[in-house]
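Spelled out, the chains give:
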Amino acid sequence: MAVHYYDRDDINTDLLFPGKYTYKCSNGPEIKEHLLEDLDPGFAEKVQPGDIVMAGKNFGCGSSREQPSVGLRYVGVDAVIARSFARIFYRSAINQGLLLVESPEAVDAYSPGDEVEVDPARGVVTVGGEDFGFPALPDEMLEILEDGGLLAHIRKTVKGGGQ
Amino acid sequence: MGRTFAQKILGRASGRDVEVGDIVFVEPDCVLTHDNTAAIIDKFESTVPGGKVRYPDKLAIVLDHVVPAASSKNAAGHARIRRFVKEQGIEHFYDAGTGICHQVLPEKGLVAPGAVIVGSDSHTCTYGAFNAFAAGIDRTEAAGLWITGKTWFKVPPTVSIEMTGHLVGRVSAKDLILRIVGDMGADGANYMAVEFHGPAIGSLRMSDRMTMANMGIEMGAKLAVFPVDRVTQEYLRNRGPDASRTMWSDVDADFCQVREYNLEELEPVVAMPHNVDNVAPISEVGKIEVDQVFLGTCTNGRLEDLQAALDVMGEASVHENVRMIVGPASREVYLKADRAGLLARFVEAGAMVIPPGCGPCLGAHMGALAPGERCLSTANRNFQGRMGEKEAEIYLGSAETAAATAIAGHIADPREVR
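Rules and cut-offs
- Residues numbered from 1 in each chain as written.
- Chains lettered and ligands numbered in written order.
- Predicted model: local features only at pLDDT ≥ 70, side-chain atom pairs only at ≥ 80, totals over all residues.
- Pairing = 2+ DSSP bridges.
- Helix = DSSP H or I, 4+ residues; strand = E, 2+ residues; numbered from the N terminus.
- Axes fitted to C-alpha atoms, helices over the stretch in contact; angles between N-to-C directions.
- Domains from an automatic or database assignment.
- Contact = placed C-beta atoms within 7 Å.
- Nonpolar A, V, L, I, M, F, W, Y, C, P; charged D, E, K, R; others polar.
- Parallel < 35°, antiparallel > 145°, perpendicular 65-115°, else oblique.
- Left-handed = near helix turned anticlockwise from the far one by under 90°.

Participant: What am I meant to see in the sheet that holds strand S6 (residues 124-127) of chain A here?
Facilitator: Residues and elements named next belong to chain A. The 3 strands lie next to each other as S5-S6-S7, forming an open sheet whose pairing is antiparallel. The sheet is open, and its two edges are formed by strand S5 (116-119) and strand S7 (130-133), each paired on a single side. The sheet shows a mean angle of 20° between the axes of neighbouring strands, taken without regard to direction. Across 4 bridges, S6 lies against S7 in antiparallel orientation. Residue pairing in the sheet places Val124 in a bridge with Gly133 of S7.

What follows is the structure, given as structure tokens:
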């Protein structure tokens, strides 16, 4: 497990996935190629399933494009931990089944090399041996997340689809 | 304690009294998607193979992001959308050339006061100018809405922006909203609703209000909304939407924050690279040379913007070191500008007029920058890499500032022209 730590606020959707690819890439492998390209050019090659992304406040601000949340989920990122998240990205992450942890304390406590673990069931993130609670999702959203995203949730709950 | 616009509208839509923080499920009146509809069709069809859209009459689809298609892949996406529109009997479809979705929906009468509108585009908040509860969502959620017809909202706290006075000279609504975003910060209204209040509203045209509501997302807002007045009614009159569901907050509504602005104290401002809230008064910016000026987008591509720019430019030509791109926001705007002779004046001055669309704003189509270049744009975002190149700089300003900059070759104060 590695932590990809970006010590900055307002990491926007263009940094997470440049707009020029928005209408060229929509599936996992295509998105992965350009994921975080203008923020951390080596990210796509080094990221491994189970890794964690950590950053400052207002993570994911800007566009409603979903390649950032789809991409982070596709490459198997376990959770994004940030001081705060922009609302469209926050919704989008739930829709993709990507766990977000809002904890300024955990970000403050982190030093490079620290082990980081997230226990969504207990609502606890552990940074270098120290535990921090984070706010649980409301039940309705938790269900979507646990089902693996909105469309998986709909497949489960809306038998036969729309009509 | 009275209730805010967001409380009232989510209360009505969910059929119960709601408090800030409550989760409610609502059926939006309109679900907007654009070129990303092609990707949403994939999600829809893989979730409910052979399924029908639950409320096809609530869908609005506008092809605007990469139009006319820049590649065969874009064209294939557009073709797929046209087939889907026919198969599903979707009435409100606007093909390439109609315009940018946030200009087209109001023009076509699809934006009603008091409506709940969601769109797979972050600038869906533009419709707050017409008193709609309008918020951006992602593609997946749009697919979910096509299937189930409903989604959830958390009732947001509300910031009130109280405005007095009126805009003076070449200070515009763009300068006002950039000033507000600069003061609030990029996340200053995150998860919140923003309500615009005060006697200044009567002096703001619909184009001004659209510019301002459009940029609500740049301070993180879920929605940014104006009340309905005569100006709104005048716009809506011949366009047909139901104007009977107007909604506004109570005078004793509970706002989490109140900010006051006297419009007469404003000066032109510029958002410096690479964040929208990095706002500086133009008097402190200095003569920064630019390579390109882009006048257009859902923020400032309306007839009023084109006219304001020409008022500044007069008979002057675009500076020899500058490429000026003018993008009318819709076919309606394009035609009106053409018939009024505005487009010819831009072309005569050395500018390029492009078809209505979003392309240059997000680096998706035309107007890309080279490494090291600078662009003064009337768009809503100046994020690093947005116009196709990480090593370029984007400065945001008003149509007036864009015009002054285009003729000077460097960022210039429109009040100092002539």
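Text resumes after the structure shown.
Participant: Would you explain the domain arrangement of chain B in this entry?
Facilitator: Interfaces are frequently sized by the accessible area removed from exposure as the parts join. Residue and element names in this part refer to chain B. We note that the domain assignment places domain 1 (5-261) and domain 2 (272-416) within chain B. Between domain 1 and domain 2, the residue contacts involve 33 residues of the former and 34 residues of the latter. Looking at the side of domain 1 that touches domain 2, the elements that each hand over two or more residues are helix H4 (101-107), helix H6 (173-184) and helix H7 (206-214). Of all the elements, H6 adds the most residues to the side of domain 1 that touches domain 2, at 6 residues. A per-class count over the side of domain 1 that touches domain 2 returns 10 nonpolar, 15 polar and 8 charged.

Participant: What exactly am I supposed to notice about the interface of chain B and chain A here?
Facilitator: Listed per partner, the contact involves 46 residues of chain B and 38 residues of chain A. Considering every element that reaches the side of chain B that touches chain A, the biggest residue donor is helix H5 (residues 139-148) of chain B, with 7 residues.

Participant: What should I look at first to understand the sheet that holds strand S3 (residues 59-62) of chain B in this one?
Facilitator: The strands that make up a sheet pair up through hydrogen bonds in the backbone, lying either parallel or antiparallel. Residues and elements named next belong to chain B. Here 5 strands make up an open sheet; going across it, the order is S4-S3-S2-S5-S6 and the pairing parallel. Whereas interior strands pair on both sides, the edge strands pair on one side only; in this sheet they are strand S4 (92-94) and strand S6 (133-136). Strand-to-strand, the axes of this sheet are offset by a mean angle of 15°, without reference to chain direction. One ladder, built from 3 bridges, connects strand S2 (residues 30-33) with S3; its direction is parallel. Each residue of the ladder has a partner; that of Val31, found in S3, is Leu59.

Participant: Whenever I open this one, the packing of H6(B) against H7(B) confuses me. Can you help?
Facilitator: To characterise two packed helices, one gives the angle between the axes of the helices and the distance between these axes. Residues and elements named next belong to chain B. Between H6 and H7, the least distance of the axes is 9 Å, while the angle of their chain directions is 25°. Classed by the angle they form, the pair H6 and H7 counts as roughly parallel. Viewed along their axes, H6 and H7 form a crossing whose handedness is right-handed. Between H6 and H7, the contacting residues are Ala173, Lys174, Leu176 and Ile177 on the first element and Asp208, Thr211 and Met212 on the second. Within the contact of H6 with H7, the residues separate by chemical class into 4 nonpolar, 1 polar and 2 charged.

Participant: Help me understand unusual backbone geometry, please; the structure alone is not making it clear to me.
Facilitator: Trans peptide bonds make up most of the peptide bonds, and negative phi angles are found at most residues other than glycine. Backbone torsion omega between Val67(B) and Pro68(B) reads -20°, so that peptide bond is classified as cis. Relative to the elements of secondary structure, Pro68(B) occurs in the loop between S3 and helix H3 (72-88). Cis geometry is adopted by the peptide bond preceding His274(B), which originates at Pro273(B) and carries an omega value of -5°. Inspection of the secondary structure puts His274(B) in the loop between strand S12 (269-271) and strand S13 (279-281). For Leu36(A), which is not a glycine, the phi torsion comes out positive at approximately 60°. Of note, Leu36(A) is situated in the loop between helix H2 (28-34) and helix H3 (43-46).

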